[in-house]
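Here are the chains, one letter per residue:
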Amino acid sequence: MRKQITFTSTISADPYQKDFYVSSLNSISSVASPSFSKQQYALSFLNTKGFISALIGISKNVPDDDVHDALENKVYEELALDMAIEYNIQYVEATNRISESERFYHIFVVDPLTLEEGFSSVIESIKYLDQIIPIPLLLKSLYTKELIDSGGAHAFIYFQEDDAFFTVYNEQEFVYTKSLKYSLKQMHEHFCELLGESIDLTNFKNILASQGFHTSNPEYQKKFLKLFGEIFLHINDVITYTKRAFEIKQFAAIYIGASTGVIDGLDEYAQTYLGVKAEPFNFDYGFNTTQGYVDQIHQLMHLYGRLEEHERYECNFTIFHRPPPFAKRDSGKLILVTAAALITALLYPGTYWVLSYIEEFHYALMKQEYEHVHIEKMTRESMVNVKLANKSLAQSFLDKEQTAYKQKKDTLIQIHDKKVNYPMKAKILTEFTRSFNQYDVKLRSLSYRDMRTMPQDENTSLKQYHGPFEDTEHATNGLIPIGAKDFNQSYADLKQLDYYNKDRNLSAKEFTFILSAPKTQNITDLLKHLMTTKNDAYHFSLHLVSYDTNSSSYLSELKAVLR
């Protein structure tokens, strides 16, 4: 059960002293006459005389689903339990006990009569108990809430009116517990024997709680020292056994106390006698109370009840479960099924009548809505048709304007090209004439053509020179082709300048110059000069080189194509 979410308060019951404490938020108080409440989480405890504890090991090969059965069989076998009695068996895993082949569990065995008879008075008052926990497992709360935050081994000794327990935790995990010989009643009886007179049990407890070892009565003090000497002799034997059985080298501390309250001087006497650091079993649990001392066990139960399941040992011996919700009881299920059948039988014809009325009403509403929507649909269709017609008209007007715009744009681009990019022929011819004069080359004639207006006729173009002349076509005109021995060197120089350009994708503007020079070297040097200085602007090609016998000069055809 998750009382942190479901319940508003917690009640703890001591079945041995018949007292009850209720806590809500951070306050705790005693209740003389408790009563049943659905919003109240109830828990109690078993003292060490009420159960048998043992450490049992089973094979690691046992599946988790079979662990309970395996442990139960082994408990009956090892503890020699009466097979005729169905004992209530609970267990927690001993995580600090390591073995390669076995898993160990702390087993707690309770006789069902102990539960039925021991808690009958509690059940008469509050009707149920959500949890019944073995008293040594309550101490886990001290570590979970960090009331003890140190490691190592710790021993807890607590004297109650009907019992006294010795419990060991190592590295914050439960290890061992044992019932001690001396409860407060047994102390009282033995004290009276030592004193030689009888005193009331209540007075005895008051003396322990108020004066302790420092009582003003020297006779009492002497008997107390002798009484607790015998008690600690017994405790020392238990400690010796515990160290040997569980391989504990030394206890970090022993916490000792009693249900009567802090016994003055008890922890000092225990530390002196046992040789181990001893502290009072009296922790600050954070509860506010106005009724004086509250038994440590009651406070531990309230602290335990506020922990999450993974923060505590789940070892619940209760057989007094709160009744399940009405819908989960057999009688409740029968009543609910009967009521459901009756309601269904009565509502079946009515359901159809209601559904029919709802459909008619829904139809009327939909018809009214359809008429309204239909009118709106027709109106919007008319508007859409008008918009589409306007769009078509506007698109045709836009297409016409775009066509006119493109024509004007192309015209302006051509005008801009003429104004900005059109080469000045006079300027170009002046620059070429200066270069011709510089290398003593004469210009016989020139021509210019624009390939954009006059496509090139490959059949009428001049023949491009690719090597020494062997053509005799021009000999009848007085032109003598140059032999290899006269022009080879010049040809090699021109080829080195890479004036042959196979890429014909050039500008449409072409100048053709007919040149004459007394030596071929003049023409060669001229071409070198032009290709060095104007190669970025023009593509040069030398198409014809021949010798004119009439004028004793060399003729050549030089073409300059504007890039």
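Cut-off values and rules
- Residues numbered from 1 in each chain as written.
- Predicted model: local features only at pLDDT ≥ 70, side-chain atom pairs only at ≥ 80, totals over all residues.
- Heavy atoms only, no water.
- Pairing = 2+ DSSP bridges.
- Helix = DSSP H or I, 4+ residues; strand = E, 2+ residues; numbered from the N terminus.
- Axes fitted to C-alpha atoms, helices over the stretch in contact; angles between N-to-C directions.
- Contact = heavy atoms within 4.5 Å.
- Core = buried A, V, L, I, M, F, W, Y, C linked by side-chain atoms within 4.5 Å.
- Buried < 20%, exposed > 50% of the residue type's maximum accessible area, 1.4 Å probe, protein only.
- Salt bridge = Lys/Arg side-chain N within 4 Å of Asp/Glu carboxyl O.
- Parallel < 35°, antiparallel > 145°, perpendicular 65-115°, else oblique.
- Left-handed = near helix turned anticlockwise from the far one by under 90°.
- Nonpolar A, V, L, I, M, F, W, Y, C, P; charged D, E, K, R; others polar.
- Polar contact = N/O pair within 3.5 Å; in protein donor to acceptor, adjacent residues only side chain to side chain.
- pLDDT = per-residue confidence, 0-100.

Asks: Which parts of the structure should I look at to understand the sheet that holds strand β9 (residues 153-159)?
Replies: The strands making up a sheet associate through backbone hydrogen bonding, with each pair oriented either parallel or antiparallel. The five strands lie next to each other as β11-β10-β9-β12-β13, forming an open sheet whose pairing is mixed. Pairing within the sheet leaves two strands with one partner each, and these edge strands are β11 (173-179) and β13 (278-280). With direction set aside, neighbouring strand axes in the sheet form an average angle of 20°. Here β9 runs beside strand β10 (residues 164-170); their pairing, made up of seven bridges, is antiparallel. Directly across from His154, in β10, lies its bridge partner Tyr169. Its contacts with the sheet place helix α9 (residues 266-274) against β9, β12 (251-258) and β13, and it is angled at close to 165° to β13.

Asks: Please explain the nonpolar core as it appears in this structure.
Replies: Membership of the largest hydrophobic core comes to 53 residues, with the highest contact counts inside it found for Leu129, Leu138, Phe156, Phe281 and Ile297. Once you skip the residues sitting within four places of it in the chain, Ile297 turns out to touch Phe45, Ile135, Leu138, Tyr158, Gln160 and Phe165.

Asks: Just to check I follow, could you spell out unusual backbone geometry for this structure?
Replies: Glycine aside, residues mostly have negative phi angles, and peptide bonds mostly take the trans form. The backbone of Leu25 sits at a positive phi, close to 55°, despite the residue not being glycine. Residue placement: Leu25 occurs in the loop between β2 (19-24) and β3 (27-31). The exposure class of Leu25 is exposed, given its relative accessible area of 70%. Located in the positive-phi region is Glu146, a residue other than glycine, with phi close to 60°. Mapped onto the elements of the fold, Glu146 is located in the loop between α5 (140-144) and β9.

Asks: Teacher, can you tell me more about the sheet that holds strand β5 (residues 52-59) here?
Replies: Taken in spatial order, the three strands make up an open sheet running β5-β7-β6, and their pairing is antiparallel. Bordering the open sheet on either side are β5 and β6 (88-93), each of which pairs with just one other strand. Strand-to-strand, the axes of this sheet are offset by a mean angle of 35°, without reference to chain direction. With eight bridges joining them, β5 and strand β7 (residues 102-110) adopt antiparallel strand pairing. From the neighbouring strand, Ser53 faces β7, where its bridge partner is Phe108.

Asks: Looking at this structure, how should I read the pattern of salt bridges?
Replies: Note that side chains of opposite charge can pair when their charged atoms are close. Taken as a whole, this structure holds 15 salt bridges when the rule is applied. Note that Glu279 is salt-bridged to Lys277, the shortest N-O span being 3.1 Å. Look at Glu279 and you get partly exposed, because its relative accessible area is 26%. Given the relative accessible area of 46%, Lys277 is considered partly exposed. Between Arg312 and Glu314 there is a salt bridge whose closest N-O contact spans 2.6 Å. A relative accessible area of 8% places Arg312 in the buried class.

Asks: Teacher, can you tell me more about the packing of helix α6 (residues 184-195) against helix α8 (residues 218-246) here?
Replies: When two helices pack together, their arrangement is given by the angle between the helix axes and the distance between those axes. At a minimum axis separation of 10 Å, α6 and α8 run at an interaxial angle of 125°. Here α6 lies oblique to α8, going by the angle between them. Every pair of crossing elements has a handedness; the one defined by α6 and α8 is right-handed. Where α6 abuts α8, its residues Met187, His190, Phe191, Leu194 and Leu195 lie against Glu219, Tyr220, Lys223, Phe224, Lys226, Leu227, Phe228, Glu230 and Ile231. Considered class by class, the residues forming the contact of α6 with α8 number nine nonpolar, one polar and four charged.

Asks: Honestly, the side chain of Ser553 in this entry has me stumped. Any pointers?
Replies: Within the secondary structure layout, Ser553 lies in strand β18 (residues 553-562). Only 2.7 Å separates the side chain of Ser553 from the side chain of Ser551, close enough to count as a polar contact. Those residues in contact with Ser553 that lie beyond four places of it in its chain are Arg444, Ser516, Ala517, Ser546, Tyr547 and Asp548.

Asks: Would you mind going over the confidence of the model for the protein chain with me for this structure?
Replies: A low pLDDT means the predicted coordinates there should not be read in detail. With 86% of its residues at a pLDDT of at least 70, the protein chain reaches an overall mean of 85. By mean pLDDT, the top-scoring element of the protein chain is β9 (97), and the lowest-scoring one is helix α13 (residues 484-496) (42). In the model, residues 1-5 has pLDDT below 50 throughout and makes 16 contacts with residues more than four positions away in sequence or in other chains. Contacts from residues 456-506, a stretch scored under 50 in pLDDT, to residues over four places away or in other chains number 76 contacts.

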